[in-house]
Amino acid sequence: MKILYLSTWDFADEQSDGVCKKIKSQIKVFEKNGFEVDFIYIKKNDLVYKEDGTERVIAHVGSVKKTPAYMKMYRHIKNKQYDWIYNRYGMMDTFYYRVLKRLHHNGARVLIEIPTYPYSGEKQKGIAYRLMYWWDALYLKKMHKVTDRILTYSQDEMIWKIPTIRIMNGIDIAEITPAVKTAKKDDTINLLAVALMQLSHGYERLLYGLKQYYDEGGSRKIVCHFVGDGPEKATYERIVSEEKLDDHVFFYGKKDGKELDEIYNKCDLGICSLGAYKKNVFWSSELKSREYLAKGIPIVSGVETDIFCVVDKQYYLLFSNDASWIDMEKIVNFYDTIYRTDGNVVSDNIRNMAERYLSIEITMKPICDYIQA
């Protein structure tokens, strides 16, 4: 059985990009289940096609990337035959739909994974974005003609008149080294946020909450460690400067490998998205929560997180999914309750939970079972 994994995600930074790692892990799972997998993706400004184990650049797509990629991709794969297409969804357009329609006509059954649903809340301002969403909506009415199942991390049973397979995000646990907890010299609470800082991360809630905590006489030392870049980083830096939080917030930029591991090792709690409400998302399966848990770190979130509907909430602190400032007293109490136990025991317990429920082999099983049925 042969699968084409079709994506226009850019693999320019695949060593530190969580989505790149996840896609590679999904392909590995398919191969472990006995499927032959070809792969199309973008790397920098080129369209790359890995076919029968041989990888080659098939087109230059430029900085616009996605639409030119589908225009040029069509010429190379229009006569290809696959049993299945696994497609990580991007915004639909004429050329994207044409590719799926042709492959479906050639005999392939199509599975579409939607990373965030609904995704209307991700819409940005400007004519270009209005056009993009209009174009997308135009073709969504036709998607049921070429798509077998939608793979969703939401709780929807039908999307675009297409039945769904509801799954959880998973990661390759073996690729993630557990955090190492050394004996602490004081009771400082170290918070970690690793992200491509977008509007929906909502970390302003954390920063203003920290300011309020100290204004109201809070005495516990709390330090926030921000790892990553992104469009909202400048906003967070401005808040830190204006509110005089420089002693409590550190920005590291992009980190990976040993440098990132060292930051993880000194942090106690992982901060997930606090601004999902901005996207009208109320149920989360975000990759970052998986990475924190695989590292063995408890998480703080501003949106209901799927894994904690099937496991004990001992290592999970949930705040309201709105713009209210984060109550740092709750974080202090959460930390004190958890770390009454030795840090390495806590880390081992969380890591074991991640291995049991969030390993990508486990989360991909419903998909593989469906393909093999």
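Worth saying up front: this structure is predicted, and the values here are computed from it rather than measured.

Asker: Sorry, what's going on with the overall build of the protein here?
Answerer: Helix and strand content of the protein: twelve helices and 15 strands. In summary, the protein has a C-alpha radius of gyration of 22 Å against a globular reference of 21 Å for 373 residues, a match within 12%. Taking the principal axes of the C-alpha coordinates as reference, the protein spans close to 70 × 45 × 35 Å. In the protein, which comprises 373 residues, the share counted as buried stands at 53%. Across the protein, contacts joining residues at least 24 apart in sequence account for 70% of those joining residues at least 6 apart. When the accessible area of the protein is evaluated, it comes to approximately 17200 Å², of which 50% is carbon and sulfur surface. Once the 55 positive and 52 negative side-chain charges of the protein are each reduced to a mean point, those two points are 7 Å apart.

Asker: Looking at this structure, I do not really get the side chain of Asn 106. What am I missing?
Answerer: As for its position among the elements, Asn 106 is in the loop between helix H3 (94-105) and strand S6 (109-114). Asn 106 gets classed as buried once you look at its relative accessible area, which sits at 15%. If near-sequence neighbours (up to four positions away) are discounted, Asn 106 is found in contact with Ile 77, Lys 78, Asn 79, Lys 80 and Gln 81.

Asker: Teacher, can you tell me more about helix H7 (residues 257-266) here?
Answerer: Because each turn of an α-helix spans 3.6 residues, side chains separated by three or four positions in sequence point in the same direction. Looking only at H7, the buried set comprises Leu 260, Ile 263 and Tyr 264. All buried residues of H7 project into a common sector of 100 degrees when viewed along the axis, lining one side. Counted as exposed and oriented over 90 degrees from the buried face of H7: Lys 258 and Glu 262. Contacts made by the buried residues of H7 are with strand S10 (189-194), strand S11 (222-227), strand S12 (249-253) and helix H8 (287-295).

Asker: Is there a simple way to explain the pairing of S10 in this structure?
Answerer: It is a general feature of regular strands that their side chains alternate between the two faces of the sheet. Among the six residues that make up S10, six are buried, leaving the element largely enclosed by the rest of the structure. Sheet topology note: the S10/S11 ladder contains six bridges and is parallel. Note on S11: the bridge partner recorded for Asn 190 is Val 223. For the crossover that starts at S10, traverses helix H5 (residues 204-215) and ends in the parallel S11, the hand is right-handed. As defined by bridge partners, S10 adjoins strand S13 (residues 269-271) across two bridges and the pair is classed as parallel. Across the sheet, the residue bridging to Leu 192 is Gly 270, located in S13.

Asker: Can you help me understand helix H4 (residues 127-140) in this one?
Answerer: With 14 residues, H4 ought to run about 20 Å at 1.5 Å a step, and its terminal C-alpha atoms sit 20 Å apart, in line with that. For H4, the set of buried residues is Tyr 133, Asp 136, Tyr 139 and Leu 140. Buried residues of H4, seen end-on, are gathered within an arc of 130 degrees and therefore sit on one face of the element. For H4, the exposed residues lying more than 90 degrees away from the buried face are Ile 127 and Trp 134. Looking at the buried residues of H4, the elements they touch are H3.

Conventions we followed
- Residues numbered from 1 in each chain as written.
- Predicted model: local features only at pLDDT ≥ 70, side-chain atom pairs only at ≥ 80, totals over all residues.
- Heavy atoms only, no water.
- Helix = DSSP H or I, 4+ residues; strand = E, 2+ residues; numbered from the N terminus.
- Rg over C-alpha atoms; globule rule 2.2 N^0.38 Å.
- Buried < 20%, exposed > 50% of the residue type's maximum accessible area, 1.4 Å probe, protein only.
- Contact = heavy atoms within 4.5 Å.
- Areas by Shrake-Rupley, 256 points an atom, 1.4 Å probe, with all protein chains shown as cover.
- Lys, Arg positive; Asp, Glu negative; His and termini not counted.
- Charge placed at Lys NZ, Arg CZ, Asp CG, Glu CD.
- Arc of directions from axis to C-beta.
- Pairing = 2+ DSSP bridges.
- Right-handed = clockwise from strand over helix to strand, strands pointing away.
- Expected span 1.5 Å × (residues − 1).

Remember, this is a structural readout, not a statement about activity or role.
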